[in-house]
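Residue-level structural notes
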Amino acid sequence: MSTPARRAAPCAFGTVTAMTTHTVTLTGLRAVYGTGTRRVTALDGVSTSFASGTFTAVMGPSGSGKSTLLHCAAGLDTPTEGVVTIDGTRLNDLGEDELTRLRRDRIGFVFQAFNLVSTLTAAQNVELPLRLAGRRPPARDVTAALDAVGLADRVGHRPSELSGGEQQRVAVARALITRPAVVFADEPTGALDSAASRQVLRLLRALVDDHGQTVVMVTHDPAAAAYADRVLLLADGRVVDELNGPITAAVVAARIAERETGPSSDVTTPAGSSW
Ligand SMILES: Nc1ncnc2c1ncn2[C@@H]1O[C@H](COP(=O)(O)OP(=O)(O)OP(=O)(O)O)[C@@H](O)[C@H]1O
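Now for a look at the structure at hand. Just so you know, these numbers come straight off a predicted model, no measurement behind them. (Residues numbered from 1 in each chain as written. Predicted model: local features only at pLDDT ≥ 70, side-chain atom pairs only at ≥ 80, totals over all residues. Heavy atoms only, no water.)

**Observations concerning the sheet that holds strand E12 (residues 238-244)**
What counts, and what does not: In this scheme, strands are said to pair when DSSP sees at least two bridges between them. Numbering goes from the N terminus for both helices and strands, where a helix is a DSSP run of H or I of at least four residues and a strand is a run of E of at least two. For helices, the axis comes from a line fit to the C-alpha atoms of the stretch in contact; other axes are also lines fit to C-alpha atoms, and the angle between any two N-to-C directions lies between 0 and 180 degrees. By definition, residues are in contact when any of their heavy atoms lie within 4.5 Å.
Read from one edge to the other, the open sheet built from six strands follows the order E8-E9-E10-E5-E11-E12, with strand pairing classed as mixed. The two strands at the open ends of the sheet, each matched to only one other strand, are strand E8 (107-111) and E12. Between one strand axis and the next, the sheet turns through 20° on average, direction left out of account. By the bridge criterion, six bridges tie strand E11 (residues 230-235) to E12 in an arrangement that is antiparallel. Across the sheet, residue Ala-235 finds its bridge partner in E12, namely Arg-238. Set on the sheet, helix H1 (residues 66-73) makes contact with strand E5 (55-59), strand E9 (182-186), strand E10 (214-218) and E11; between it and E9 the angle comes to about 155°.

What follows is the structure, encoded as structure tokens:
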């Protein structure tokens, strides 16, 4: 699957291969909660990076540290140790106000529970991050954002007047309105039926392919992970496996099953996979 980070770019002297840059870099992340008998190591030395214009799925058993990884990478949580860099900025060096600004301006969030404001219309929800930053986006920008997620005809609808899939697409439009460096999605299809899930996943995929957006998504669902370019598998707070394209739901499911029960012989792994 081609992505903007890997595309060959034309230039005055012919064609050059674009260099991969990494929008998000995590180095030696540890996250420890509680003390004494209540002490939990949620992340235990995670180092990885997310290339610009790529789609990464983060998977692993319940309690393996997926949400903690996402929250630390997004500056919502502070790791006990380690460094997070987004778009060249070290989060560790930022004060609370600067961190709030970075989250608001450079990061898009999509959560399982859409988190829309029920009294606001779709358009008002989309423009909310900019309003909170004291900016008033032109109406055409808001309409364009809703158009991009296939909801140009739902601009004036309130969340209760939209289906779950439509609400999540409003949340994706809201995540994009600031043109963020990276979109973090925490189980974005967890509350959706399979048809609505596919729409949201196709949308995230299209953002990567057509606009060079960087997307990092936590999911439990191998079918959702199959939309990604790369799958990271966590266990006990560590990255224990990695799968690079071509990725199918069957391959992801087989790799997860292998980790739980040992190798299976009935699913073949495509060349290039590297768990
Ligand atoms: N604020 C916190 N205080 C104490 N322990 C926490 C906190 N946040 C997470 N943990 C613990 O850290 C571990 C990792 O949690 P995390 O939510 O990152 O896992 P997860 O892989 O996202 O799980 P799930 O798939 O169930 O959502 C768990 O054992 C959890 O109980």
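**Side note on the pairing of E8**
Selection criterion: When accessible area is computed with a 1.4 Å probe and restricted to protein chains, residues below 20% of their type maximum are described as buried, those above 50% as exposed, and intermediate ones as partly exposed.
In terms of burial, E8 is largely enclosed, as four of its five residues are buried. Direction of pairing for E8 relative to E9: parallel, over a ladder of five bridges. Looking across to E9, one finds that Gly-108 is bridged to Val-183.

**Remarks on the pairing of E10**
Under the convention used in this document: Orient the strands so they point away from the viewer; a crossover is then right-handed if the path from the first strand over the helix to the second runs clockwise.
In terms of burial, E10 is largely enclosed, as five of its five residues are buried. On E10, burial covers both faces: Thr-214, Val-216 and Val-218 on one face and Val-215 and Met-217 on the other are all buried. Here E9 runs beside E10; their pairing, made up of five bridges, is parallel. Opposite Asp-186, over in E10, you have Val-218 as the bridge partner. As for the winding sense of the linkage, the β-α-β connection from E9 through helix H6 (residues 194-211) to E10 is right-handed.

**Brief notes about the packing of aromatic side chains**
Definition in use: Working definition: rings of Phe, Tyr and Trp (its six-membered ring) pair if their centres are within 6.5 Å, and the pair is stacked with planes under 30 degrees apart, edge-to-face with planes over 60 apart, and tilted otherwise.
Within this structure, the stated rule accounts for one aromatic pair. On the basis of an interplanar angle of 5° and a centroid distance of 5.8 Å, the ring pair of Phe-109 and Phe-111 is categorised as stacked. Taking relative accessible area as the criterion, Phe-111 reaches 26% and is therefore assigned partly exposed.

**Concerning the side chain of Asp-186**
Rules: In this charge count, Lys and Arg are treated as positive and Asp and Glu as negative; neither His nor the chain ends contribute. Any carboxyl oxygen of Asp or Glu within 4 Å of a side-chain nitrogen of Lys or Arg constitutes a salt bridge here. Think of a polar contact as two N or O atoms within 3.5 Å of one another; within protein, one of them needs to be a possible hydrogen donor and the other a possible acceptor, and neighboring residues in sequence only count if both atoms come from side chains.
Of note, Asp-186 is situated in strand E9. We note that Asp-186 is buried and unpaired, the nearest opposite charge coming from Lys-66 at a distance of 7.8 Å. Engagement of the side chain of Asp-186 in a polar contact is seen with the side chain of Ser-67, the distance being 3.3 Å. What Asp-186 contacts, discounting residues up to four positions off in sequence, is Ser-67, Leu-70, His-71, Val-110, Phe-111, Gln-112 and Val-218.

**Let's talk about helix H4 (residues 139-148)**
Quick note on the threshold: Regarding the arc, it is the one traced by the directions from the helix axis to the C-beta atoms.
For H4, the complete set of buried residues consists of Val-142, Ala-145 and Leu-146. The buried side chains of H4 occupy one side of the element, clustering within an arc of 95° when seen end-on. Of the residues in H4, the exposed ones pointing more than 90 degrees away from the buried face are Arg-140 and Ala-148. Along its buried surface, H4 packs onto helix H3 (122-132) and helix H5 (164-176). After H4 finishes, the residue Gly-150 shows a positive phi value of roughly 80°.

**A look at the layout of surface pockets**
Condition: Using only the protein atoms, space was sampled on a 1 Å grid; points where a 1.4 Å probe fits but cannot get out form cavities, open sets with protein on both sides within 12 Å along at least five of seven lines form pockets, and lining residues are those with an atom within 4 Å of a point. Grid points are joined across faces, edges and corners, and a volume is the space filled by probe spheres set on the points.
Here the largest pocket is characterised by a volume of approximately 420 Å³. Of all the elements in the fold, those that place two or more residues in the lining of the largest pocket are H4, H5 and H6. Top element by residues in the lining of the largest pocket is H4. It accounts for four residues. Size it by volume and the second largest pocket reaches roughly 350 Å³. Contributing to the lining of the second largest pocket are 13 residues, with Ile-107, Phe-109, Pro-129, Leu-132 and Arg-174 lying nearest its centre.

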